[in-house]
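Summary of structural features
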Amino acid sequence: MGYSVVRQLGCIMAGALFAMGWFIFIDGAVIAGESPNKTKYVDLNSDGHVEALDKVIKDLRWYYYIPGVLGSLALVMLNCAPLRTAEDDGGDVFDEDNPVSYPMKLRFWLFLSFTCAFCTVAGGVWIFVAEYLGTWTGIAIMLQPILILGSSMLLLLIRMSGMQMTFQMV
């Protein structure tokens, strides 16, 4: 396969991951809105017996949308930066006469984007554990930012696959 075919397939897969993340979240939100106050789920006792328990499903609050929205914003932030200019220009960061170089600003932007993306995953896991443990709504809230992060990483790798970049740690 040629490079352009691999790039097209990677972009299609990234779009599918992104759409799947939002679809799963919307499905979980619909289930949370339509279900009665109690739902049945299965639990395994300490003695090995399975029993059905009632669990109250809470309404989907407005701030449960934040991990998905910020994850989508992080996807745009990660993939709008021109990566070709991220290579080191040899300038000193702490030089008082020279303002901060463009590659350093770009690296800070990428750091901020990755921080935002990983915080959305942490937020989705937190909401799942704190509010919706054992329900499909909670799983959907947790999976959405993970799939969006996977989509943004796939897009970033596809963009970087044609470049030959070297990063030095020090």
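Preceding this section is the structure that the text describes.
Everything numeric in this text was worked out from a predicted model, so none of it was measured.

Conventions we followed
- Residues numbered from 1 in each chain as written.
- Predicted model: local features only at pLDDT ≥ 70, side-chain atom pairs only at ≥ 80, totals over all residues.
- Heavy atoms only, no water.
- Helix = DSSP H or I, 4+ residues; strand = E, 2+ residues; numbered from the N terminus.
- Contact = heavy atoms within 4.5 Å.
- Areas by Shrake-Rupley, 256 points an atom, 1.4 Å probe, with all protein chains shown as cover.
- Patch = residues over 30% accessible without salt bridge, like charges linked within 9 Å, V, L, I, M, F, W, Y side chains within 5 Å.
- Salt bridge = Lys/Arg side-chain N within 4 Å of Asp/Glu carboxyl O.
- Buried < 20%, exposed > 50% of the residue type's maximum accessible area, 1.4 Å probe, protein only.
- Axes fitted to C-alpha atoms, helices over the stretch in contact; angles between N-to-C directions.
- Parallel < 35°, antiparallel > 145°, perpendicular 65-115°, else oblique.
- Left-handed = near helix turned anticlockwise from the far one by under 90°.
- Nonpolar A, V, L, I, M, F, W, Y, C, P; charged D, E, K, R; others polar.
- Phe/Tyr/Trp six-rings, centres within 6.5 Å; stacked < 30°, edge-to-face > 60°.
- Expected span 1.5 Å × (residues − 1).

**Description of the overall build of the chain**
Across its full length, the chain holds 4 helices and 2 strands. Listing every helix and strand of the chain by position from the N terminus yields α-β-β-α-α-α. Residue pairs at least 24 apart in sequence account for 71% of intrachain contacts in the chain once pairs closer than 6 positions are excluded. As presented, the chain carries roughly 10,900 Å² of accessible surface, and 67% of it is formed by carbon and sulfur atoms.

**Thoughts on a nonpolar patch on the surface**
On the surface, Trp62, Tyr63, Ile66, Leu70 and Leu73 cluster together into a nonpolar patch covering about 510 Å² of accessible area. Secondary-structure assignment places leucine 73 in helix H2 (residues 66–80). Residue classification places leucine 73 among the partly exposed residues on the basis of a relative accessible area of 43%.

**Digging into the packing of helix H3 (residues 102–131) against helix H4 (residues 136–160)**
H4 packs onto H3 with a crossing angle of 160 degrees between their chain directions and a minimal axis gap of 7 Å. Relative to H4, H3 is oriented roughly antiparallel. Relative to H4, the crossing made by H3 is left-handed. Residues Phe114, Ala117, Phe118, Thr120, Val121, Gly124, Val125, Ile127 and Phe128 of H3 touch H4, and the partners they reach there are Gly138, Ile139, Ile141, Met142, Pro145, Ile146, Leu149, Met153 and Leu156. Residue classes in the contact of H3 with H4 are distributed as 15 nonpolar, 3 polar and no charged.

**Examining the environment of leucine 106**
Structurally, the position occupied by leucine 106 is in helix H3. What makes leucine 106 buried here is its relative accessible area of 5%. Distance from leucine 106 to alanine 81, taken between C-alpha atoms, is 7.2 Å for residues 25 residues apart in sequence.

**Focus on the packing of aromatic side chains**
Taken as a whole, this structure holds 6 aromatic pairs when the rule is applied. Centre to centre, the rings of phenylalanine 114 and phenylalanine 118 are 6.3 Å apart; their planes meet at 20 degrees, and the pair counts as stacked. Within this pair, phenylalanine 114 and its partner phenylalanine 118 are both found in helix H3, separated by 4 residues, close to a single helical turn. Take phenylalanine 114: its relative accessible area is 24%, and that puts it in the partly exposed class. For phenylalanine 118, a relative accessible area of 46% puts it in the partly exposed group.

**Some details on the side chain of serine 113**
Mapped onto the elements of the fold, serine 113 is located in helix H3. Judged by relative accessible area, which is 0%, serine 113 ranks as buried. In this structure, serine 113 is in contact with Ala74, Met77 and Leu78, ignoring residues within four places of it in sequence.

**Here we look at helix H1 (residues 3–34)**
For H1, which comprises 32 residues, the first-to-last C-alpha distance of 46 Å matches the rise-based estimate of 46 Å (1.5 Å per residue) to within 8%. When H1 is considered as a whole, its buried residues turn out to be Gly10, Ala14, Gly21, Ile24, Phe25, Gly28, Ala29 and Ala32. Those residues of H1 that are buried are in contact with H4.

**Description of the side chain of glutamine 144**
Here glutamine 144 shows up in helix H4. The exposure class of glutamine 144 is buried, given its relative accessible area of 1%.

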